[in-house]
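# Examining the three-dimensional arrangement
The chain contents come next:
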Amino acid sequence: NAGVTQTPKFRILKIGQSMTLQCAQDMNHNYMYWYRQDPGMGLKLIYYSVGAGITDKGEVPNGYNVSRSTTEDFPLRLELAAPSQTSVYFCASSYSASVFSNEQFFGPGTRLTVL
Amino acid sequence: TQLLEQSPQFLSIQEGENLTVYCNSSSVFSSLQWYRQEPGEGPVLLVTVVTGGEVKKLKRLTFQFGDARKDSSLHITAAQPGDTGLYLCARSSNTGNQFYFGTGTSLTVIP
């Protein structure tokens with residue numbers, strides 16, 4: 001099992017450019033999440049999905065969009081990149097929301113810089 | 001927001017020393033998770049505590065959930081350089097669909 005994979009690992013964008021951060025998991029997990037982590041901070045939830053076709057906003061959704069057409073994939077779209085979106089982005093997945101099976105498995109992250 | 005406060009923010013200790021880090025909230029939560037994140041990697045789950053007063057041990061790491069389920073602590077005995085990393089606590093929302101992370105404790109263990 002590859003677990004949770006993310007691409008790209010690094011990216012530099014110019015202000016106003018768009019890009020998609022890719023995330024895939026091969027554990028047949030229903031739940032998937034996108035977080036951002038700024039220096040010296042914990043993780044902030046951007047969007048989450050409880051299953052294919054279902055997405056919902058987290059704490060900091062502005063400037064981002066997601067889709068979940070399959071169980072495996074959960075891409076994050078930045079439409080008009082801004083310097084405030086410079087961050088490290090982590091994708092995660094879990095089997096369910098039950099406290100006994102909600103361990104989140106994280107990908108290695110995408111480091112994004114917007115100049 | 002479901003605020004989780006972690007302290008201390010930074011901790012630098014010598015190998016072999018003991019330490020405790022804390023995770024506090026003004027709200028009661030049903031469960032709490034502790035993660036460790038190494039530089040350049042994603043967080044990895046260490047433990048989930050569910051019951052008030054619960055104590056769990058993972059080798060040299062001891063996790064405690066407060067009786068009132070508003071706080072938790074992580075104690076490391078005889079710290080080793082391999083314990084270096086960012087320690088994060090996290091709680092789920094009432095529906096279980098969202099997670100809220102603390103700001104973390106950055107631990108450096110000096111050989």
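Residues numbered from 1 in each chain as written. Chains lettered and ligands numbered in written order. Predicted model: local features only at pLDDT ≥ 70, side-chain atom pairs only at ≥ 80, totals over all residues. Heavy atoms only, no water.

### Quick look at the pairing of strand β5 (residues 44-49) of chain B
Residues and elements named next belong to chain B. Selection rule: Exposure is judged per residue with a 1.4 Å probe applied to protein chains only, and the accessible area is read against the type maximum: over 50% gives exposed, under 20% gives buried, and values in between give partly exposed. Going along the chain from the N terminus, every DSSP run of H or I of four or more residues is numbered as a helix, and every run of E of two or more is numbered as a strand. Paired strands, as defined in this entry, are two strands with at least two bridges between them according to DSSP.
Burial of β5 is extensive: five of the six residues sit out of reach of the surface. One ladder, built from five bridges, connects strand β4 (residues 32-37) with β5; its direction is antiparallel. Residue pairing for β5: Leu 32 is matched across the bridge by Val 49. Taking the residues between adjacent antiparallel strands as the criterion, β4 and β5 are bridged by six residues, where Gly 40 takes a positive phi near 80°.

### Points about the layout of surface pockets
This is how the line gets drawn: Any residue with an atom within 4 Å of a point lines the site, the site being either a cavity, points on a 1 Å grid over the protein atoms alone where a 1.4 Å probe fits but cannot get out, or a pocket, an open set with protein on both sides within 12 Å along at least 5 of 7 lines. Grid points are joined across faces, edges and corners, and a volume is the space filled by probe spheres set on the points. Polar here means any residue outside two lists: the nonpolar Ala, Val, Leu, Ile, Met, Phe, Trp, Tyr, Cys and Pro, and the charged Asp, Glu, Lys and Arg; Gly therefore counts as polar.
For the largest pocket, the calculated volume is near 620 Å³. Lining the largest pocket are 32 residues, and of these Gln37(A), Val88(A), Arg111(A), Gln37(B) and Gly40(B) sit closest to its centre. Elements with a minimum of two residues in the lining of the largest pocket: β9 (87-94) and β11 (110-114) of chain A together with β9 (85-92) and β11 (105-110) of chain B. Counting residues per element, the lining of the largest pocket draws most heavily on β11(A), at four residues. Its residues assigned to classes, the lining of the largest pocket shows eleven nonpolar, 16 polar and five charged.

### Some remarks on unusual backbone geometry
Pro8(A) follows Thr7(A) through a cis peptide bond whose omega is -5°. If you trace the backbone, Pro8(A) turns up in the loop between β1 (4-7) and β2 (10-13). In the segment running from Ser7(B) into Pro8(B), the intervening peptide bond is cis, with an omega of -10°. Within the fold, Pro8(B) resides in the loop between β1 (5-7) and β2 (10-14). Even without being glycine, Lys59(B) reaches a positive phi, approximately 55°. With respect to the element layout, Lys59(B) can be found in the loop between β6 (55-58) and β7 (61-65). Taking the relative accessible area as the measure of exposure, Lys59(B) reaches 84% and is therefore exposed.

### With respect to the state of the cysteines
Residue and element names in this part refer to chain A. Stated precisely, the cut-off is as follows: Cysteine sulfur atoms that pair up within 2.5 Å are treated as a disulfide.
Following the criterion strictly, the structure yields two disulfides over all chains and no others. With its sulfur 1.8 Å from that of its partner, Cys 23 forms a disulfide with Cys 91. On the sign convention where negative is left-handed, the bridge of Cys 23 and Cys 91, at about -70° about the S-S bond, is left-handed. You can see Cys 23 sitting in strand β3 (residues 19-25) and its partner Cys 91 sitting in strand β9, a full 68 residues away along the chain. Judged by its relative accessible area of 3%, Cys 23 is buried.

### Considerations on the pairing of β4(B)
Each regular strand carries side chains that alternate between the two faces of the sheet. Residue and element names in this part refer to chain B. Most of β4 sits out of view: five of its six residues are buried. As paired elements, β4 and β9 share five bridges and run antiparallel to each other. In the sheet register, Gln 33 faces β9, and the bridge partner there is Ala 90.

### Let's talk about the interface of chain A and chain B
Just so we agree on the cut-off: Two residues form a contact once any of their heavy atoms are found within 4.5 Å. Whenever a carboxyl oxygen of Asp or Glu lies within 4 Å of a side-chain nitrogen of Lys or Arg, that contact is scored as a salt bridge. Between N or O atoms, a polar contact is any pair within 3.5 Å; within protein, one atom must be a potential hydrogen donor and the other a potential acceptor, and residues adjacent in sequence are included only when both atoms are from side chains.
Opposite the 23 residues of chain A that make contact, chain B presents 24 residues. Remark: the boundary between chain A and chain B carries zero salt bridges. Between chain A and chain B we count three residue pairs in polar contact (both at pLDDT 80 or more) in total. Those elements that provide at least two residues to the side of chain A that touches chain B are β4 (31-37) and β5 (43-51) of chain A. Split by residue class, the side of chain A that touches chain B holds 13 nonpolar, seven polar and three charged.

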